[in-house]
Amino acid sequence: MAALAPEGLVQLGLVTSAFTVCALSALMYVISRRQKKRRAMVFAIMSDFIEKDAAPSLVTDGDGQIASMNAAARGRFNAAPGHTLAGLLRDTFANPGGIIYRLKTAADVDGSAREDIATRKNHIRLAVHLMGTDAYLWRMETVADRTVVKGQEGPGLPMIMIGRTGAILFMNDGARALIGHRAKTLDRVFPNGVPALGQVSELSTQDGTMHCSVTEVDGGAGRRALYILPVAQPASQSAPADSWNAFETLPVPLVLITPDGHVKAHNRSAAALVGDGMARNVHLATLMEGLGRPITDWLAETVAGRAVQQSEFLRLKRSDKEMFVQVSLNRVTENGEASVIAVLTDATELKTLEAQFVQSQKMQAIGQLAGGVAHDFNNLLTAISGHCDLLLLRHDQGDADYSDLVQINQNANRAAALVGQLLAFSRKQTLRPEMLDMRDTLSDLTHLLNRLVGEKVTLTLSHDPMLQAIRADKRQLEQVLMNLVVNARDAMPNGGEIRIETECTTLSEPMKRDRVTVPEGQYVTVRVVDQGTGIAPDKLQKVFEPFFTTKRTGEGTGLGLSTAYGIVKQTGGFIFVDSAEGQGTCFSLLFPVLHGAPMSAKVPAAIAKMPSPSHGDGVILLVEDEAPVRAFASRALRLRGYTVLEADCAESALKTLEDTELNVDLFVTDVVMPGKDGPSWVREALKSRPEVRVVFVSGYAEDKLSNDQASIPNSVFLPKPFSLNELTETVHKQLH
């Protein structure tokens, strides 16, 4: 280096570097001192703050070393600052290190944490707060004893409290007296492992090995309470007759049953769960049902040791409410006679959730089936009603066959209405939403409703004068109201009053009801209230299911309310039912208010039959895979003078259009076909013929097409089944 730079310059560089290192070291020392001083100040402030606290409180660093303790802690623990918190609590908790680590980790994330811990004498709540960098405030508080922890379980019933990791946190006096020592792990108590619920296993005690049965109760916060039931005759899995008193106050429902199914004994928990029907000598089949086979067969298999399924879910025959229990059977011997102990667990919530899931799956499957069946029926009905229209054109009213053709046409329309109900239930019908004022809608419908209810029933309407507009399909909404009014009439065979009320409702916050959340906002509420017989609570949740009806055979299809439900949900509304037996029923419909569109007087469109177009210069390409529908549609259009080119698939239609000299004015195509669907081939054809208009026809709902139709200009949708006039009028409008 000396060769490259002058000697004085090298010395100056070395001095400068040394001075820089010294300066940095001094700066780091000052910063460290300031941090230690600030930390000591924090600890001092915290120490002064907790000094007068009645509960033992300590301040520790991140390693668990105690920085300070308040007076209560110094009086309780024989320790001084510098000791670790884990060492301080070694005589208080079975596993203090794990508890401290768990709480400290939670405090690092959330800022604080606490846990209630069972000890030999009482419950201790240990809380920790993160007070800054590497500073923690710990506080211990004795809380009231809990029944499940302290073991207020009756006359000497042994109980062990188990933590999340399987360590024994607490043993009550009964367990200590039985085992003879304070065990810390389960393998010291159960050498062969913890037995399953109700089964007999070996228990290690100070006096040797004995047999016992174990019942488990949730202790909260991840803990479990194991109740030990000594068994006097281990060889034959027996239970002495006088030992049943120990079960009486056990918080687990237990029933002793004879091999033929009669109740021999039961404890209080079982009586509370099963209800008033629980008594000695009562047969188990009179208390519960749902096994799918005789209960005596299941009991006989258990006694013989052949039972494959030890646990079953059964429904209690309670008259006040619907409840389900999980029944686990275990064979015991009493005085040489075999019996069965049944352990009951309330499974109502579990079965309710399961039933709701199964119901939703079933409704979805039925909805898909209904939509598919409706599509096929719509094709058949289009062909039937269409050819019937063609026959009616060749017969006048004086013809002998005219009345028969009219009957065929009317019944085809009735079948189309039934298909519409299936589509409404599956929410796949085609809706024609428009702006509606419920006052006008009900006013137009009043005359028909009065005819439906008859002379014994009075129909009363009550409207909110400030009622706002909604957006719905008027025809479908009228169908909903008619269904509800007819059901209300049938519920009052001796007459009464049906009230239809409308009002504006504002929800300032979401409303949760019947597993549905109604968003906040403004709604138009329509209520249909009757004074009928009401609906039983067990049937109230089933009223919207398809084919469910409380009427006698032949008086109802069971599709009325399911149709109403589907229409309301597809409209974007909600429907709820309130009912009490003997007091009547109220159906409430909520529809979102239509904002941003002023109400205007709606002039009803005249339903006048359009004159048959006489022009014959239009060329129509008809694409339909169903031969009967294609035959009817082509004949109907030719009768109106159109030139019709037929194709049974999209590929055939595209091949026809390859002729550039062929002039086509309109495409009439089915939506769902084998191979390419309607929108796909139309988009391809419009690339070379952009001026051609389109009529889509389908037995499915329009929403199956809506996204595709939006991208296809000059297209309209005609739902199946359609009549001859509906087809020709739609074609005429598209061409003109």
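This text follows the structure it describes.
The rules behind the values
- Residues numbered from 1 in each chain as written.
- Predicted model: local features only at pLDDT ≥ 70, side-chain atom pairs only at ≥ 80, totals over all residues.
- Heavy atoms only, no water.
- Helix = DSSP H or I, 4+ residues; strand = E, 2+ residues; numbered from the N terminus.
- Buried < 20%, exposed > 50% of the residue type's maximum accessible area, 1.4 Å probe, protein only.
- Bend = angle between axes of the 7 residues up to and from the residue.
- Contact = heavy atoms within 4.5 Å.
- Pairing = 2+ DSSP bridges.
- Right-handed = clockwise from strand over helix to strand, strands pointing away.
- Patch = residues over 30% accessible without salt bridge, like charges linked within 9 Å, V, L, I, M, F, W, Y side chains within 5 Å.
- Areas by Shrake-Rupley, 256 points an atom, 1.4 Å probe, with all protein chains shown as cover.
- Salt bridge = Lys/Arg side-chain N within 4 Å of Asp/Glu carboxyl O.
- Polar contact = N/O pair within 3.5 Å; in protein donor to acceptor, adjacent residues only side chain to side chain.
- Axes fitted to C-alpha atoms, helices over the stretch in contact; angles between N-to-C directions.
- Parallel < 35°, antiparallel > 145°, perpendicular 65-115°, else oblique.
- Left-handed = near helix turned anticlockwise from the far one by under 90°.
- Nonpolar A, V, L, I, M, F, W, Y, C, P; charged D, E, K, R; others polar.

> In this structure, what is going on with the environment of Ala 54? I would like to understand it.
Looking at the secondary structure, you find Ala 54 in the loop between helix H1 (7-50) and strand E1 (57-60). When its relative accessible area of 75% is taken as the criterion, Ala 54 is described as exposed. C-alpha of Ala 54 to C-alpha of Ala 72: the two residues are 18 residues apart in sequence and 6.1 Å apart in space.

> What am I meant to see in helix H11 (residues 438-453) here?
An α-helix turns once every 3.6 residues. As a result, residues three or four positions apart point the same way. Within H11, the axis deviates most sharply at Thr 446, by approximately 50°. Every buried residue of H11 is accounted for by Met 438, Thr 441, Leu 442, Leu 445, Thr 446, Leu 449 and Val 453. On its buried face, H11 is in contact with strand E17 (434-436), strand E18 (457-462), strand E19 (470-472), helix H12 (474-490), strand E20 (496-507) and strand E23 (521-529). Where H11 terminates, the next one or two residues include Gly 454, which has phi positive at roughly 85°.

> Any chance you could explain unusual backbone geometry here in plain terms?
Glycine aside, the phi torsion of most residues is negative, and most peptide linkages are trans. The omega angle of the peptide bond from Lys 720 to Pro 721 is -5°, so this bond is cis rather than trans. Within the secondary structure, Pro 721 is located in the loop between strand E30 (715-719) and helix H19 (724-735). Despite not being glycine, Asn 281 shows a phi value in the positive range, around 70°. Assignment of secondary structure puts Asn 281 in the loop between helix H7 (268-274) and strand E13 (288-289). Among the residues examined, Asn 281 registers a relative accessible area of 61% and is labelled exposed. Located in the positive-phi region is Asn 714, a residue other than glycine, with phi close to 55°.

> Help me out: how do you make sense of the pairing of strand E27 (residues 643-647) in this one?
Remark: a regular strand shows side chains that alternate across the two faces of the sheet. Bridge analysis of strand E26 (residues 619-623) against E27 gives five bridges, and the strand direction is parallel. Following the sheet pairing, Leu 621 is matched in E27 by Leu 645. With helix H15 (residues 627-639) bridging E26 and the parallel E27, this β-α-β connection has right-handed handedness.

> Would you mind showing me how to read a nonpolar patch on the surface here?
A contiguous nonpolar surface patch, about 270 Å² in accessible area, is contributed by Leu 380, Ile 384 and Ile 408. Here Leu 380 is to be found in helix H9 (residues 348-393).

> What is the right way to read the side chain of Asp 61 from this model?
Topologically, Asp 61 is positioned in the loop between E1 and strand E2 (66-69). In this structure the side chain of Asp 61 is engaged in a polar contact, spanning 3.1 Å, whose partner is the backbone nitrogen of Asp 63. There is a polar contact of 2.8 Å between the side chain of Asp 61 and the backbone nitrogen of Gln 65.

> Looking at this structure, how should I read the sheet that holds strand E28 (residues 666-670)?
Paired through backbone hydrogen bonds, the strands of a sheet run either parallel or antiparallel to each other. Read across the open sheet, the five strands follow the order E27-E26-E28-E29-E30; overall the sheet is parallel. The sheet terminates laterally at E27 and E30, the two strands that pair on one side only. Ignoring which end each strand starts from, the neighbouring axes of this sheet average 20° apart. The pairing of strand E29 (residues 693-698) with E30 spans five bridges and is parallel. Counted as the bridge partner of Ser 698 is Pro 719 from E30. Here H15 sits on the sheet in contact with E26 and E27, set at roughly 165° to E27. Lying over the sheet, helix H17 (residues 678-686) contacts E26, E28 and E29, oriented at roughly 155° with respect to E28.

> Help me understand the pattern of salt bridges in this model?
Oppositely charged side chains can form a pair if their charged atoms are brought close together. Following the criterion strictly, the structure yields 16 salt bridges and no others. Lys 474 is the partner of Asp 444 in a salt bridge, and the nearest nitrogen-oxygen pair spans 3.1 Å. With Asp 444 in helix H11 and Lys 474 in helix H12, the pair connects residues that are 30 residues apart, well separated along the chain. Glu 684 is the partner of Lys 676 in a salt bridge, and the nearest nitrogen-oxygen pair spans 2.5 Å. For Lys 676, a relative accessible area of 31% gives the class partly exposed. If you follow the salt bridges from partner to partner, you end up with Glu 289, Arg 315 and Glu 322 in one network.

> Would you take a moment to explain the packing of H15 against H19 for this structure?
Packed helix pairs are characterised by how far apart their axes lie and by the angle those axes make with each other. H19 packs onto H15 with a crossing angle of 60° between their chain directions and a minimal axis gap of 10 Å. Put simply, H15 runs oblique to H19. Regarding H15 and H19, the two cross each other, and that crossing is right-handed. Where H15 approaches H19, its residues Phe 632, Ala 633, Ala 636 and Leu 637 are matched on the opposing element by Leu 724, Leu 727, Thr 728 and Val 731. For the contact of H15 with H19, the class distribution of residues is seven nonpolar, one polar and no charged.

> What is the right way to read the sheet that holds strand E24 (residues 574-580) from this model?
One open sheet holds the five strands; their spatial order is E18-E20-E23-E25-E24, and the pairing between them is mixed. Edge positions in the open sheet fall to E18 and E24, since each of these has one partner strand only. In this sheet, neighbouring strand axes are inclined to one another by 20° on average, regardless of whether the strands run parallel or antiparallel. Both E23 and strand E25 (residues 584-592) contribute to a ladder of seven bridges, which runs antiparallel. Residue pairing across strands places Tyr 523 opposite Pro 592, the latter belonging to E25.

Read these as spatial facts, not as claims about activity.
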